Structures are given as C-alpha cells and as structure tokens.
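Topology and contacts: notes
So you can see what is in the structure, the chains are spelled out below.
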Amino acid sequence: MCGIAGIFAYHYAANAISRPELGAMSRHMARRGPDASGEWFDTAERLGLAHRRLAIIDLADRALQPMASADGRHVIVFNGEIYNHLALREGLQKEGAEFRTWSDTEVLLHLYARYGEGMVTRLRGMFAFAIYDTTARTLFLARDPYGIKPLYYSDDGWVFRFASQVKTLIAGGGISRDRDPAGDVGFYLFGSVPEPFTCFRAVRALPAGSTMLVDRAGAQVPRNYHHVGSVYGAAQQSLEAGRDSPAAFAGIALDSVRHHLAGDVEVGAFLSAGVDSGALVGLMRDAGAGQVKTITIGFEEFADTPADETSPAADTARFYGTHHVTRMITRSEFETDLPRFFEAMDQPSIDGLNIWFAAKTARELGLKAVLSGLGGDELLGGYPSFRDIPRWVRTLQVPSRVPLLGTSLRRLGRPFVERLRLHPKLAGLPEYGGSYAGAYLLKRGLYLPWELGEVLDRDTVEVGLRRLGPLKLINAQLHGQPKDPFARVAALESSLYLRNQLLRDADWAGMAHSVEIRTPLVDSEVLERSARLDLRGVAGKTALAQAPAKILPQSVLDRPKTGFALPIAQWLQASSLGSMPVPRKPTQHGWARDWSRIVHRQFA
C-alpha cells in the first residue's frame, strides 16, 4: 500500500513540469508510505512520478518505486496489492520474462509490456497505478474493479496531474480550488461525494474498473473494463438452468482469504460481533495464518446495550484462539483526535471514525496490514435495503408513473409529516419509491433533494443537482440490466455506498496510520463466482458463517443486526468541539445530519 502522484506536461507548448510541485505532492502523502520515497523525471522534464512506500511485498530496496523496466522503456508507480502476482509471475517466466525482484510491481511492468491495456483483466487485487512509456510518450492509468484504491486526476488542457488523494493534488498548488456544487450536493444527498465528482471542479476520480490513456493530444475518455451490475446481469443469463448451492461459497471465501494473506508482513483482522469479520477470522485460521491479532473497538456509552460489540466479539476471538485487543474509545480521545481526523479526511464523509480508531490500534500493535469484513452485506444481502427497496418498487411503480402525482402528493404531505414529526422521507415515497433509482435515493439519502435548501444556498443546489443528476447517476450503476431484485440492490449498494463511502473511508483512514486494509469479500473473482449462487435472504450469511472448518457459533448468526454505531450523538451534546461547534439548531432526525454539517464545514 502506497501513495502515488505524477505530473505530465503533454502539450507541446506547455512549460516543463515543476519539481517543487511534485515534491509538495509527495510530502503530502508521507503517511501513506513511511518506509521509503522516490521520484523519477524524464530527461526532457515533461513528466515526473512520485511514490511513497508502505512495504508489504518484497521489503528489500530492490522493490523501490518509481520502478523502471529492465530496458528502461516503462516506468511505474503503483498503489495496492496484486494477490495473484505469483501465478502471473510464473506464467510470464514461462514466456521468457526475467525478474529482478519478488514484487508485484515488477509483474505489472512485464504484463504491460506484453499485453498493453488489456493487462488489467488478468489482475486480481486492489490497485491504482500509472505506467509511462518513454518511447510512445504515453501515460497509462488503471484502477481496480471495485475502486478499493483511489485515483484522482486533473487536466487543464496543457498539463495532466494525478494522485492517490484529492488533497495531494491540491497540495501541489498547480490546480484551481474552485468548488464543484455537484460535490457539495452529492455529499448532503449520500453522506459522501459520489465519483467521478469531487469537491473541486478541476479534480475528477478515475472511475472504478476503468483505464485511461494520456498522450500528446491529452487525456482520453476513461474506458470501463468492469462493472458490478454487468457481472450480475451476465450471471443471470447463465442461470436459466438453476443456481448452484450456497454451500459452494465456502470454497470461494477460503480461496479469497488465502490470496488476501499474501505478503511479507503479519496480517491482523478487525473483528466485530457480526458474521462477516468473524467468519473471515475463522478462514484465516484455516488458511494457516496461525494466531491472528484481532481488534475490536468499543465505547463506554454503549455498555450493556445491544450496540456494544465488545463482549460478543471477544467470544468469537476466544472461539478461534486469536490474540485479541479491545480498545475502548472515550470522548476525550475523540476530541483530541478530531483535528487530525479531519486533516486526514480526503473528501467529506459522515463515516470513517470507526476505521480511524481501529487502524490507530492496529498501528500501535505493530500491524501494517489487516483484513476487514467490508463488503459482506453488499455481497450477501445483509442490509434492510434488500428487503425494502424491491417492496417499495412493487407497491409504487404504477402510481409513480402518473405525471406530477408523486410531486403533488409530496408537497401536500410534507406539512403533515413535519407536523407529526415523522421521518421526512415518508413524504417522498409516492414520488421516488416506484423506481430502483428513486427508492435507493430514499433509502440511502441523508438529505433529500427538496431539503437541500436547509444546508446549501439556492444556486449551489440548482447547479449541483443539474451537474450531479442523482437519479441518472444511480441508474448508471445498473449497467448490464440485472433483472433479479437482489442483484439490482447488490449492484447499487456495491457501486455507491460501498465504493464511495466505506472503501474510500477505509483507504484514507487506514493510510492516516500507515495501515493497509484488505477486504476479501470485495474481490472481483468472489463477485463473479458468487453471483451464480443463491445467496438471497439468510442463505448468504449462513453460507459465510459455515465457511470456516470450525463453523461460527449459531449465536453469532442469530444476533440481531445493529450496524456499527458510534456515540457521536452523545459526544456532540456533551462537547462544543472547540473550533467546530455543534449546530445551534440540531436536526430532528438523528445525529448523522448534525455531523454532516460539522464535516462539511471543514471543507467549505
């Protein structure tokens, strides 16, 4: 896991690149890679690459980056892990390739030399990388199928810049800081900024599962090579003869865990009270990991309540014989860490605190890499959205098609909803509940479109909604037209909530403590193989619980799902947060809206 950045003055009339700018970008990424740093410049000063290293595979200096091929033609900067790099290496060696290191980085160089842009379909892992061809004078960028590893870019028509973080691009001082209303609107709608948008007009995310080529004519349009919705759509077309048994998921999960344990450092695990992380710990044991260090965070405010995960997580740790650490987070530590937390947050998000403290604990234990159960709910149908969204669509799809009916009912009903202190989303059911895009916005929405005026000025709302196109953006995640309701919700949750919030937060919060977070349940091969199984309802979670040789206790499977909670509401009531005061008029419907206003203030 690392940080990457680069500047490419591709236009013939552009000035030579600025070494101080690239240096500033590299320094900003220091916590992403504390083990080493490096820069590379072409002889004409038209391109510069920077890298910050967190050494995980091949810890020797021979694996330092930027790394050039033996013939000097290709130079790479790479962030992530290629879990099938040993198998790829073996195949390349049979074709005559010679290796100087044991790193997965060098595997990428050989693959690109042989297969060009098509190399990405051979990779299993999480990755964001850039390869410069010194002969063709082209820059090739790629991002993994789920978007686990971030990659942002800016193109002003003369110079192309890229980096692992938005703030890294800004830190260089070479691009505009003009705000993008779509980013502000997207944050208040979803609780995170949906890609490809960011807070800045000049910065875009390379979409997950995409590649991009930059040549002397500029940056080409990103090319998509993987889409979660398309995987589900293709799987359903091949399932006319029936689905495979959920029991097959055990082999899929164990194979993924084995791959995700690859590396030359110890790998620990985040452990909650739920099935996903508990089963992964059991599978780590099956894969030969030995005694695993596991981490649970808890809060005094939740003691003796259903939200307290510390006791059941400790039971699971004892069951699998791990070296377990429970870290209790106090309001005092929260307030002390908050300035650093916001400084590290790359784009506004209402989440991330849990990962922040868990990664902090991992670093204190000397861990560089940990496994997380992220993605299990999206893959196995663990959210209420898998039940609620299809039901709303079935019930409301006919009335929602009547022109202006939904909008009129919402406007008429909103005063009654407010007077009765009901949830404001109820007023939007007739208007939005009849389509998957609208129902998803209702289910996951933090603020709804007609409420944005409470937190943003009118111009920002109008321009932001027009640029963002929230319903169009949600609909785009159903590429491949999966017909099964489970598949549709899975595609939406994986491509929006998981990608834009959970995985992004895991990256920046983990990297703030120089900890690599690995997600065995967020894996393109796991997705393709499990899409052919019947994992609807409780079948998916049961299949995962039964995947380890030592099956998870039934008590873990039967435990009511509470979701990971933090006592932010209590902390907000008890503290002024120094220079970040609690909103004077707390919102009516939960801490998330109050917290979102505090978060957004840090990016204003």
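Every value quoted in this text rests on a predicted model; they were computed, and no experiment measured them.

**Some details on the overall build of the protein**
Scanning the protein from terminus to terminus reveals 24 helices and 18 strands. In terms of overall size, the protein behaves like a compact globule, its C-alpha atoms giving a radius of gyration of 24 Å where 604 residues would be expected to give roughly 25 Å. In the protein, once contacts between residues fewer than 6 apart in sequence are set aside, the share between residues at least 24 apart is 73%. Accessible surface, the protein: about 23500 Å² in total, of which carbon and sulfur atoms supply 51%.

**Regarding the pairing of strand β14 (residues 267-270)**
Across the two faces of β14 the burial is the same, with V267 and A269 and G268 and F270 all buried. Here three bridges tie β14 to strand β17 (residues 369-371), and the two strands are oriented parallel to one another. Residue pairing for β17: G268 is matched across the bridge by V370. As paired elements, β14 and strand β15 (residues 293-299) share two bridges and run parallel to each other. Residue pairing for β15: A269 is matched across the bridge by T294.

**Remarks on the sheet that holds strand β10 (residues 204-205)**
Taken in spatial order, the six strands of this open sheet run β2-β3-β1-β9-β8-β10, and their pairing is antiparallel. Unpaired on one side and paired on the other, β2 (36-41) and β10 mark the two borders of the sheet. As paired elements, strand β8 (residues 152-155) and β10 share two bridges and run antiparallel to each other. Considered in β10, the bridge of Y152 is made with A205.

**A look at the UniProt feature "domain: Glutamine amidotransferase type-2" (unreviewed entry) in the protein**
In this structure's numbering, the residues bearing the UniProt feature "domain: Glutamine amidotransferase type-2" (unreviewed entry) are residues 2-217. In the segment residues 2-217, helix accounts for 22% and strand for 29%; the C-alpha atoms at its two ends are 29 Å apart.

**Some words on the side chain of H226**
If you trace the backbone, H226 turns up in the loop between β13 (223-224) and α6 (228-237). Given the relative accessible area of 11%, H226 is considered buried. Apart from residues no more than four positions distant in its own chain, H226 is found in contact with P145, A208, G209, V231, S524, L527 and E528.

**What to know about unusual backbone geometry**
Along the chain, Q65 connects to P66 via a cis peptide bond; the corresponding omega equals -5°. Its location among the elements puts P66 in the loop between β3 (47-53) and β4 (67-68). Here the amide bond leading from E195 into P196 is cis, since omega sits at 10°, within 30 degrees of zero. Structurally, P196 is set in the loop between α5 (181-190) and β10. Backbone geometry at D58 places phi at a positive 55°, although glycine is not the residue there. Its location among the elements puts D58 in the loop between β3 and β4. A relative accessible area of 5% places D58 in the buried class.

**Examining the pattern of salt bridges**
Oppositely charged side chains can pair when the atoms bearing their charge come close. Taken as a whole and judged by the stated rule, the model has 39 salt bridges. A salt bridge links K443 to D388; the nearest nitrogen and oxygen atoms lie 2.5 Å apart. One end of the pair, K443, is in helix α16 (residues 436-444); the other, D388, is in helix α13 (residues 385-396), with 55 residues separating them in the sequence. Under the relative-accessibility criterion, K443 is labelled partly exposed at 27%.

**Things to note about the nonpolar core**
Core analysis: the largest hydrophobic core is formed by 151 residues, its most contacted members being Y232, F249, F341 and W595. Of all the elements, helix α19 (residues 485-511) adds the most residues to this core, at 15 residues. Filtering out sequence-adjacent residues up to four positions away, F341 remains in contact with D351, G352, L353, W356, W508 and W595. Ranked by size, the runner-up nonpolar core spans 22 residues in total, among them L111, M119, V120 and F127.

**Topic: the sheet that holds strand β18 (residues 516-518)**
Read across the sheet, five strands follow the order β16-β15-β14-β17-β18 without closing on themselves; strand pairing throughout is parallel. Each edge of the open sheet carries a strand with a single partner, namely β16 (323-329) and β18. For this sheet, the mean inter-axis angle between neighbouring strands, taken without regard to orientation, is 30°. Lying over the sheet, helix α11 (residues 353-364) contacts β14, β15, β16, β17 and β18, oriented at roughly 135° with respect to β15.

**Brief notes about α6**
Most of α6 sits inside the fold, with seven of its 10 residues counted as buried. All of the buried residues along α6 are V228, G229, V231, Y232, G233, A235 and Q236. Buried residues belonging to α6 abut α12 (376-380), α19 and α20 (524-530).

**So, the packing of aromatic side chains**
To describe a pair of aromatic rings, you give the distance between the ring centres and the angle between the ring planes. Under the definition given, this model contains 22 aromatic pairs. A centroid spacing of 5.2 Å and a plane angle of 55° characterise the contact between F187 and Y188, whose relative ring orientation is tilted. Across the pair, exposure class does not vary: F187 and Y188 are buried alike. With a centroid separation of 5.8 Å and an interplanar angle of 75°, the aromatic rings of F299 and F302 are classed as edge-to-face.

**Details of helix α1 (residues 19-28)**
By the burial criterion, the buried members of α1 are E21, L22, G23, A24, M25 and S26. Those residues of α1 that are buried are in contact with β1 (2-8), β2, β3, β9 (160-163) and α4 (166-171). With a side-chain oxygen lying 3.1 Å from the backbone nitrogen of E21, the N-terminal cap of α1 falls on S18.

**A look at the environment of I148**
Residue placement: I148 occurs in the loop between β7 (138-143) and β8. We classify I148 as buried; its relative accessible area is 7%. The residues touching I148, leaving out its near neighbours within four places in the chain, are M126, L503, D507, T519 and V522.

Each value, and the rule that gives it
- Residues numbered from 1 in each chain as written.
- Predicted model: local features only at pLDDT ≥ 70, side-chain atom pairs only at ≥ 80, totals over all residues.
- Heavy atoms only, no water.
- Helix = DSSP H or I, 4+ residues; strand = E, 2+ residues; numbered from the N terminus.
- Rg over C-alpha atoms; globule rule 2.2 N^0.38 Å.
- Contact = heavy atoms within 4.5 Å.
- Areas by Shrake-Rupley, 256 points an atom, 1.4 Å probe, with all protein chains shown as cover.
- Buried < 20%, exposed > 50% of the residue type's maximum accessible area, 1.4 Å probe, protein only.
- Pairing = 2+ DSSP bridges.
- UniProt positions renumbered as here; feature names shortened; annotations may be inferred.
- Salt bridge = Lys/Arg side-chain N within 4 Å of Asp/Glu carboxyl O.
- Core = buried A, V, L, I, M, F, W, Y, C linked by side-chain atoms within 4.5 Å.
- Axes fitted to C-alpha atoms, helices over the stretch in contact; angles between N-to-C directions.
- Phe/Tyr/Trp six-rings, centres within 6.5 Å; stacked < 30°, edge-to-face > 60°.
- Polar contact = N/O pair within 3.5 Å; in protein donor to acceptor, adjacent residues only side chain to side chain.

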